[in-house]
Amino acid sequence: MHSAVVHLHVVHGHGSTVSVVLAPRAGDEGTEEEAHSETVSKDPGPIVPEMKELAWGAGSFIVLALLMRFFLFPKLKKGMDARYHGIRSSHDNADAERAAARAEVAEYEAQLAGIKAEAAKIVDAARVTLEAERQTTLAEVNARLAEQRAAATAQAEAVRAAAQSQIHAAVSDVAGRAGELATGRKPGADVVDRVVSEVMAR
Amino acid sequence: MIAESFSFPEINSILRWQDFFTSFNKIALIAVAAALIGIVVFLLAGRKDPMVAPKGVRNLAETSVEFIENGIVMQTMGKDGLGWTPFLLSLFIFIYLCNVPGIIPLLQMPATARMAIPMFLALLVWVIYNGVGFKHQGIKYLTNTIWPPGVPVALKPLVGVIEFISNIIVRPFSLTVRLFANMLAGHILLVTFALLTQSLITAETMQAFLKPMAVLPFFMLVFLTAFEVLVAFLQAYIFTILTAVYIGGSTHPEH
């Protein structure tokens with residue numbers, strides 16, 4: 001049976017590592033390699049959970065979770081809900097006011113359309129009345145104009161007939177005289193009249 | 001000499017921490033700090049006037065509440081699950097604040113890179129979702145769990161074994177290992193590249209070659225640190241959303 005020399009190694013830095021080195025006593029059989037091969041670490045493996053870390057971690061989380069559940073979250077959420085509710089009410093009020101304003105605008109537009117239609121009806125009626133009056137007045141004026149035109153035409157015709165009669169008489173006189181001078185004999189008045197009438201009629 | 005410079009420390013020396021005082025080490029400190037920070041943030045947020053637009057700490061708290069409600073609870077459990085918001089919120093905050101110290105100078109150790117906290121949380125979730133299952137479905141929870149609705153009779157023995165192992169045994173194990181292993185791997189990677197950078201800078205031989213080479217692991221260290229920011233959030237989110245899925249599944253057998 002081998003007796004052993006125990007060396008304790010403490011790893012510097014973070015955490016302690018305890019290594020147990022089993023070395024043969026001088027004179028005993030075995031080599032240094034054998035001694036190293038029997039080095040045993042008492043450290044737990046890196047994936048083994050440590051109770052103190054488990055306890056502190058669990059305790060911390062449970063405290064956080066309980067406070068969050070019964071105090072922190074409800075208080076914050078209550079405030080959030082109150083603000084959201086306020087914002088939602090403001091939105092609802094704004095929507096209601098917008099709807100009311102739109103209704104007023106619609107009513108105003110309806111009234112405006114009615115007034116415009118009434119105005120258009122009045123204007124149309126006035127236009128019809130005016131047109132009728134215009135037509136009447138125009139007919140009267142036209143009739144008066146026709147009457148005046150007929151009187152003027154008759155007057156002009158009378159003046160023209162008078163002038164024509166005077167010209168006829170003058171030309172007959174001149175033509176009778178000219179015939180008398182040319183033939184030495186006074187032509188008959190009816191002949192002269194007939195000739196002058198024929199010439200003036202051309 | 002170079003080989004000595006590159007030697008990686010014994011794994012426990014980067015994971016196990018000396019006690020500050022009896023049974024209180026860095027992991028315990030981080031766990032307590034995570035809970036305290038969560039409590040203080042929500043305490044301060046609760047004192048602010050709720051009727052004005054939230055900003056600062058209240059904005060942070062309300063954003064996290066809305067994230068849990070809209071991003072997790074409503075997506076996985078629906079409106080009926082809103083009562084679980086405080087628990088899921090606590091879970092998310094606690095895990096995230098235990099993850100983040102992995103990249104905070106001086107701390108540089110995620111508490112979830114140790115087995116204890118992920119294991120406790122996973123077991124707690126296991127107890128809760130099974131308890132919820134029994135509460136809502138009674139003894140039928142067991143049959144509904146191992147034989148989901150619609151499974152052909154011929155397949156029931158096979159499906160029963162698979163579902164029992166999957167739902168009852170593997171879930172807490174996978175929850176634990178997913179969080180623990182991800183954070184441990186990230187921590188070891190950061191340590192590796194930090195030590196490699198230091199070793200190259202302080203190399204006693206071939207200095208002209210090795211010192212400039214230190215830039216490469218240093219950039220990796222910076223990149224991985226940024227990546228760990230994402231991982232810290234992502235792992236907290238995954239743990240929380242899986243918890244919500246499990247609880248939702250226990251509440252409604254058709255899930």
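Residues numbered from 1 in each chain as written. Chains lettered and ligands numbered in written order. Predicted model: local features only at pLDDT ≥ 70, side-chain atom pairs only at ≥ 80, totals over all residues.

## Some words on the overall build of chain A
Line of reasoning, step 1. Counting its secondary structure elements, chain A contains 3 helices and 2 strands.
Line of reasoning, step 2. Taking contacts inside chain A between residues at least 6 apart in sequence as the whole, the part at least 24 apart equals 17%. (Helix = DSSP H or I, 4+ residues; strand = E, 2+ residues; numbered from the N terminus. Contact = placed C-beta atoms within 7 Å.)

## Some points on the overall build of chain B
Line of reasoning, step 1. Helix and strand counts for chain B come out as 9 helices and 0 strands.
Line of reasoning, step 2. When the elements of chain B are put in sequence order from the N terminus, they spell out α-α-α-α-α-α-α-α-α.
Line of reasoning, step 3. Put simply, chain B has 255 residues, and 38% of those count as buried.
Line of reasoning, step 4. Pairs at least 24 residues apart make up 66% of the contacts formed inside chain B by residues separated by at least 6 positions. (Buried ≥ 20, exposed ≤ 12 C-beta atoms within 10 Å, placed from the backbone.)

## Quick notes on the interface of chain B and chain A
Line of reasoning, step 1. In this assembly, 42 residues from chain B lie in contact with 36 residues from chain A.
Line of reasoning, step 2. Breaking the side of chain B that touches chain A down by element, the ones donating at least two residues are α2 (26–47), α3 (57–76), α4 (85–99) and α5 (116–137) of chain B.
Line of reasoning, step 3. For the side of chain B that touches chain A, the element with the highest residue contribution is α2 of chain B, accounting for 12 residues.

## Here we look at the nonpolar core
Line of reasoning, step 1. If you look at the biggest cluster of nonpolar residues, it comprises 64 residues, and the most contacted ones within it are Ala31, Leu88, Phe92, Phe94, Ile95 and Cys98 of chain B.
Line of reasoning, step 2. Broken down by secondary-structure element, the contributors of at least two residues to this core are α2 (51–183) of chain A together with α2, α3, α4, α5, α7 (156–201) and α9 (215–251) of chain B.
Line of reasoning, step 3. With 11 residues, the single largest contributor to this core is α4 of chain B.
Line of reasoning, step 4. Those residues in contact with Ile95 of chain B that sit more than four places away from it in its chain are Thr112, Leu121, Leu179, Gln235, Ala236 and Phe239 of chain B. (Core = buried A, V, L, I, M, F, W, Y, C linked by C-beta atoms within 7 Å.)

## Brief notes about the confidence of the model for chain A
Residues and elements named next belong to chain A.
Line of reasoning, step 1. For chain A, the average pLDDT comes to 81, and 79% of its residues sit at 70 or higher.
Line of reasoning, step 2. Per-element mean pLDDT across chain A ranges from 37 in strand β1 (residues 19–20) up to 93 in α2.
Line of reasoning, step 3. Within the model, the stretch residues 1–40 combines pLDDT values under 50 with 47 contacts to residues more than four positions away or in other chains. (pLDDT = per-residue confidence, 0-100.)

## Overview of the packing of α4 of chain B against α9 of chain B
All names here are of chain B.
Line of reasoning, step 1. With their axes 8 Å apart at the nearest point, α4 and α9 run at an angle of 155 degrees to one another. Regarding the angle of α4 to α9, the classification is roughly antiparallel. The two elements α4 and α9 meet at a crossing, and its hand is right-handed. For the pair α4 and α9, the contacting residues are Leu88, Leu91, Phe92, Ile95, Tyr96 and Asn99 in the first and Ala232, Phe233, Gln235, Ala236, Phe239, Thr240, Thr243 and Ala244 in the second.
Line of reasoning, step 2. Class assignment for the residues of the contact of α4 with α9 results in 10 nonpolar, 4 polar and no charged. (Axes fitted to C-alpha atoms, helices over the stretch in contact; angles between N-to-C directions. Parallel < 35°, antiparallel > 145°, perpendicular 65-115°, else oblique. Left-handed = near helix turned anticlockwise from the far one by under 90°. Nonpolar A, V, L, I, M, F, W, Y, C, P; charged D, E, K, R; others polar.)

## Here we look at α7 of chain B
Line of reasoning, step 1. The end-to-end C-alpha separation of α7 of chain B is 63 Å, in line with the 68 Å expected for 46 residues at 1.5 Å each.
Line of reasoning, step 2. Along α7 of chain B, the sharpest kink reaches roughly 55 degrees, centred on Val170 of chain B and followed within four residues by the proline Pro172 of chain B. (Expected span 1.5 Å × (residues − 1). Bend = angle between axes of the 7 residues up to and from the residue.)

## Concerning the environment of Ile27 of chain B
Residue and element names in this part refer to chain B.
Line of reasoning, step 1. You can see Ile27 is positioned in helix α2.
Line of reasoning, step 2. What makes Ile27 buried here is the crowd of 27 C-beta atoms within 10 Å.
Line of reasoning, step 3. Separated by 71 residues in sequence, Ile27 and Cys98 place their C-alpha atoms 8.6 Å apart.

## Some remarks on α5 of chain B
One full turn of an α-helix is made of 3.6 residues, so residues set three or four places apart face in the same direction.
Line of reasoning, step 1. For α5 of chain B, built from 22 residues, the straight-helix expectation of 32 Å at 1.5 Å per residue is met to within 8% by its first-to-last C-alpha distance of 31 Å.
Line of reasoning, step 2. Buried residues along α5 of chain B sit in contact with α2 of chain A together with α2, α4, α6 (140–146), α7 and α9 of chain B.
Line of reasoning, step 3. Looking at the residues trailing α5 of chain B, positive phi occurs at Gly138 of chain B, about 70 degrees.

## Comments concerning the environment of Val231 of chain B
Residues and elements named next belong to chain B.
Line of reasoning, step 1. Within the fold, Val231 resides in helix α9.
Line of reasoning, step 2. Given 19 C-beta atoms within a 10 Å radius, Val231 is considered partly exposed.
Line of reasoning, step 3. Counting along the chain gives 135 residues from Val231 to Tyr96, while the straight-line C-alpha distance between them is 9.6 Å.
Line of reasoning, step 4. Setting aside anything within four residues of it in sequence, one finds Val231 in contact with Asn182 and Gly186.

## Focus on unusual backbone geometry
Leaving glycine out, the prevailing phi sign among residues is negative, and the prevailing peptide bond configuration is trans.
Residue and element names in this part refer to chain B.
Line of reasoning, step 1. Not every positive phi belongs to a glycine, and Ser23 is a case in point at roughly 60 degrees.
Line of reasoning, step 2. Note on Ser23: 13 C-beta atoms within 10 Å, which makes it partly exposed.
Line of reasoning, step 3. Not every positive phi belongs to a glycine, and Leu106 is a case in point at roughly 80 degrees.
Line of reasoning, step 4. Here Leu106 shows up in the loop between α4 and α5.
Line of reasoning, step 5. By C-beta crowding, Leu106 is classed as exposed, having 6 other C-beta atoms within 10 Å.

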